[in-house]
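Analysis of the macromolecular model
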Amino acid sequence: PMAMLAAQERLPVPPPPPLATAEAGPLLVSADMRDGTDLSGPWHYSIDPFRAGLYGFHGEQPDKGQLRYREIDARGEMAADSRILYEFDMANSPTTTLPSSWLTEAPELRHYQGLMWYQRTFPGPAKRTGRYFLRFGAANYTTYVYLNGQPIGRHEGGFTPFAFEVTKLLRDGVNQITVGVDSQATEATVPPPVTDWENYGGITRPIRLVHTPATYVDDAWVRMTRDGRIAVDAHLDGAGAANRALTLQVPELRLSLAGKTDASGHWRGSVNAPTGMTRWSPERPKLYDVTITAGDDTWRDRIGFRTIETRGSEILLNGKPVFLRGISLHEEEIGTDPTRAITPASARALLGEIKDGLHGNFVRLAHYPHNEVMTRTADEMGLLVWSEVPVYWRVAWSNPATLATARNMLAENILRDRNRASIAIWSVANETPVTDARNTFLTTLVGDVRKLDDSRLVSAALLVERDRTATRPVMTLADPLASQLDVLAINTYNGWYSPDKLSDLAKSEWRVPADKPLVFSEFGADAKAGFHDPAKGQKFSEEFQADYYRATLGMADKLPTLRGMSPWILKDFRSPRRQNPDFQQGWNRKGLISETGQRKEAFGVLSDYYARKGAAR
Ligand code: GCB
């Protein structure tokens, strides 16, 4: 009714709650090692396809009556007002177990992309001290968070952590948290709607109520520098952050370094790496307990110390040449109905296939930052990691908002993981067609990486140009971004997407700059596990995939500057674009294992190859 609309129009529309970003903080680096309450478990959920809970009927802010839920008081009692219309009655909606994607919760949600509301209650702290933060491991894609009826913030991006301080809003009694997650990708998001993987909407990583003292270490980066020192950058947050004494300790090494923050709470220090320190490597993934104490706060992490650099076309790990025996991986657990809820056990199962099954030392975590459990497990098991942001295929290169989103994601990823010894390469993009706008965009990202972390290598998975006139495969890397990268990386599918005979691959010519290491960031072919065609070796048969691997590995052996590879991909993964009814059924079948973990013939081919390569070094 018009009268109602007019009344609503007069209501002051509150400004949107603040956007959590790496710049605004809180960063809560290594938050998973801090005290806290895990809010995993049952949550109520409700779809909201018209986004009524955000915009009401006519684009106005929804009033409480039409809002998503009934508020509860600190005793846990519902506000009871018979005049209020509760169209979204969250407390009586069904429940799901978080973290998980909603796609697997119920058949009618299997292809739902849009806004979902989640809600639960939790008890406030028994004895209140210091500060409290709600920290999300990740939620895909746009997140709106409310505590006890108040909006506390938003976040954009499906794969990186964010946190909001709730010290003031948190109640001693019962608290009610409401979270809206909108999975809808647009032309402006990172990634945009068209990809080759499932867009798992929802809260796919843990939410925790993290507790800290009033002044605490919000950010810390402890690593070995290329000149053989242990360096620390730390930042304190809180009233007592300025000119505060603090100490870095590695008890097992009897290392202790005292320092003091500057007026803005920063501390930077370094000390010679102790002799007798074991350097982290895939063969010996030694981690040390590290603490930074500042007043009543103790920041903790487990950190490996090693160096990674390039010299000419070599990649040097701890000063010695290394060949990256890797494979690519999506964040999707083994099983018939994955929901992107990675646990320590599922991370171990996936990475164990690489480490023990394939004799690998490297994993490409494609195509976005994976669960922090994954990079911690890579640290523990000894796998070097390629970490990337979902700047994938066709991004809105000229849109400043898109650039801001990508830069923030990159920063959130690097700040989260720069204490992980496993991470060797930060990648800024995958298969992005060259244009001026794209070059400018990616140049900004490369600059950001170098500013945030000068101790690792920068790369991007690039496209090559194929000489259409040549009778054999001739590929040229002509991408202007190459000059800015430490490691050149190429995705190649000759013999799968191209009509080349596998026997022609050996005659391939690769025109790439000779002074940098080259990595095949992808190559692969589909095979349906259990489909055999030994006579003809038809595409999609296990035999074809195995032959494709033999041919491609043979080609790789002839490349003088090739220093590693991460073929596509360890496990078959869900992808809505893969609908071949005989072989794909919604799954990209380039896995060396099926979705349930069944090894295909090509698994053995790569495993033997890596076993030989590993022994040769
Ligand atoms: C690619 C993409 C990857 C796809 C793969 C494929 O080049 O980087 O995301 O899944 O090819 O299977 O086509």
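Residues numbered from 1 in each chain as written. Predicted model: local features only at pLDDT ≥ 70, side-chain atom pairs only at ≥ 80, totals over all residues.

So, on to the sheet that holds strand β16 (residues 255-260). With respect to topology, 4 strands assemble into an open sheet ordered β16-β15-β18-β19, the strand pairing being antiparallel. Of all strands in the sheet, those with a lone pairing partner are β16 and β19 (297-303), marking the two edges. Averaged over all adjacent pairs, the angle separating strand axes in this sheet is 15°, with direction ignored. Note that strand β18 (residues 288-294) and β19 share 7 bridges and pair antiparallel. Note that in β19 the partner of V290 across the bridge is D301. (Pairing = 2+ DSSP bridges. Helix = DSSP H or I, 4+ residues; strand = E, 2+ residues; numbered from the N terminus. Axes fitted to C-alpha atoms, helices over the stretch in contact; angles between N-to-C directions.)

Moving on to the pairing of strand β33 (residues 562-565). In this sheet, β33 lies alongside strand β23 (residues 324-329) in parallel orientation, the contact comprising 2 bridges. Along β33, the bridge assignment pairs R325 with M565. Of the strand pairs in this sheet, strand β32 (residues 518-522) and β33 are connected by 3 bridges, and their pairing is parallel. Across the sheet, residue V519 finds its bridge partner in β33, namely G564. The parallel pair β32 and β33 is bridged by helix α7 (residues 542-557), and the resulting crossover is right-handed. (Right-handed = clockwise from strand over helix to strand, strands pointing away.)

The next thing to look at is the sheet that holds strand β21 (residues 314-317). Sheet strands line up and pair through hydrogen bonds in the backbone, either parallel or antiparallel. Spatial ordering of the open sheet is given by β20-β21-β22, a layout of 3 strands whose pairing is antiparallel. Both edges of this open sheet fall to β20 (308-311) and β22 (320-321), since each of them pairs with a single strand only.

Positionally, E105 belongs in the loop between β4 (100-101) and β5 (115-123). Residue class for E105 comes out partly exposed when judged on the 19 C-beta atoms lying within 10 Å of it. Distance in space between the C-alpha atoms of E105 and T95 is 9.5 Å, their sequence separation being 10 residues. (Buried ≥ 20, exposed ≤ 12 C-beta atoms within 10 Å, placed from the backbone.)

Let's shift gears to the pairing of β16. With respect to burial, β16 is a largely exposed element, only 0 of its 6 residues being buried. Bridge count between strand β15 (residues 245-250) and β16: 6 bridges; the pairing is antiparallel. Bridging across to β16, T247 finds its partner in A258. The antiparallel pairing of β15 with β16 creates a hairpin that spans 4 residues between the two strands, and R254 there sits at a positive phi of about 50°.

The sites that carry the UniProt feature "domain: Glycosyl hydrolases family 2 sugar binding" (unreviewed entry) are, in the present numbering, residues 105-213. Within residues 105-213, the helical portion is 0% and the strand portion 45%, while the C-alpha atoms at the span's ends are 38 Å from each other. (UniProt positions renumbered as here; feature names shortened; annotations may be inferred.)

Time to look at the domain arrangement of the chain. Per the domain assignment, the segments making up the chain are domain 1 (2-212), domain 2 (216-308) and domain 3 (323-616). Looking at the side of domain 1 that touches domain 2 residue by residue, the class counts come to 5 nonpolar, 3 polar and no charged. (Domains from an automatic or database assignment. Nonpolar A, V, L, I, M, F, W, Y, C, P; charged D, E, K, R; others polar.)

Generally speaking, a soluble globular protein has its nonpolar side chains buried in company with each other. Core analysis: the biggest nonpolar cluster contains 163 residues, and Y118, A220, V363, V385, L410, V428 and A460 have the highest contact counts within it. Residues contacting V385, with those up to four places away along its chain left out, are V363, L365, T375, A378, S422, I423 and A424. (Core = buried A, V, L, I, M, F, W, Y, C linked by C-beta atoms within 7 Å. Contact = placed C-beta atoms within 7 Å.)

Right, let's get into the UniProt feature "domain: Glycoside hydrolase family 2 catalytic" (unreviewed entry) in the chain. As recorded in UniProt, the sites labelled "domain: Glycoside hydrolase family 2 catalytic" (unreviewed entry) are residues 309-548. This span, residues 309-548, is 28% helix and 23% strand, and a straight line between its end C-alpha atoms measures 32 Å.

For helix α6 (residues 436-452), which comprises 17 residues, the first-to-last C-alpha distance of 25 Å matches the rise-based estimate of 24 Å (1.5 Å per residue) to within 8%. All of the buried residues in α6 are R438, F441, L442, L445, V446 and V449. Each buried residue of α6 sits inside an arc of 135° when the element is viewed along its axis, so together they form one side. Away from the buried face of α6 by more than 90 degrees, exposed residues D436, T440 and K451 are located. As for α6, its buried residues are in contact with α5 (400-417), β26 (423-430) and β27 (457-462). (Expected span 1.5 Å × (residues − 1). Arc of directions from axis to C-beta.)

Okay, the environment of F159 next. One can find F159 in the loop between β8 (150-156) and β9 (162-165). In this structure the C-alpha to C-alpha distance between F159 and I490, which are 331 residues apart in sequence, comes to 24 Å. Discounting chain neighbours no more than four positions away, the residues touching F159 are A138, Y368, P369 and P390.

This next bit is on unusual backbone geometry. For the bond from G25 to P26, the omega torsion is -5°, close enough to zero to count as cis. Summarising the element assignment, P26 is placed in the loop between α1 (2-10) and β1 (36-38). Residues V190 and P191 are joined by a peptide bond in cis, for which omega reads 5°. Tracing the chain through its elements places P191 in the loop between β10 (174-182) and β11 (202-203). Its identity is not glycine, yet L28 carries a phi of approximately 50°, on the positive side. Among the structural elements, L28 can be located in the loop between α1 and β1. The phi dihedral of E431 is positive, around 45°, even though this residue is not glycine. With respect to the secondary-structure elements, E431 resides in the loop between β26 and α6.

Helix length check: helix α8 (residues 601-616), at 16 residues, gives a terminal C-alpha distance of 23 Å against a target of 22 Å (1.5 Å per residue), a fit within 8%. The inward-facing, buried residues of α8 abut β23 and α7.

Contact geometry for helix α3 (residues 344-357) and helix α4 (residues 372-381): axes closest at 9 Å, N-to-C directions at 50°. On the basis of their axis angle, the class for α3 and α4 is oblique. In this structure, α3 meets α4 at a crossing whose hand is right-handed. Contacts between α3 and α4 involve P344, A347, R348, L351 and K355 on the former and, on the latter, V373, M374, T377, A378 and M381. Looking at the contact of α3 with α4 residue by residue, the class counts come to 7 nonpolar, 1 polar and 2 charged. (Parallel < 35°, antiparallel > 145°, perpendicular 65-115°, else oblique. Left-handed = near helix turned anticlockwise from the far one by under 90°.)

Turning our eyes to something else, we now look at the confidence of the model for the chain. Taken residue by residue, the chain gives an average pLDDT of 94. The fraction at 70 or more is 94%. Within the chain, α1 has the poorest average pLDDT of any element, 43, and strand β25 (residues 384-388) the best, 99. Contacts of residues 1-12 to residues separated by more than four positions or lying in other chains number 4 contacts, the stretch itself having pLDDT below 50. Per the prediction output, this complex has pTM 0.96; the corresponding ipTM is 0.99. (pLDDT = per-residue confidence, 0-100.)

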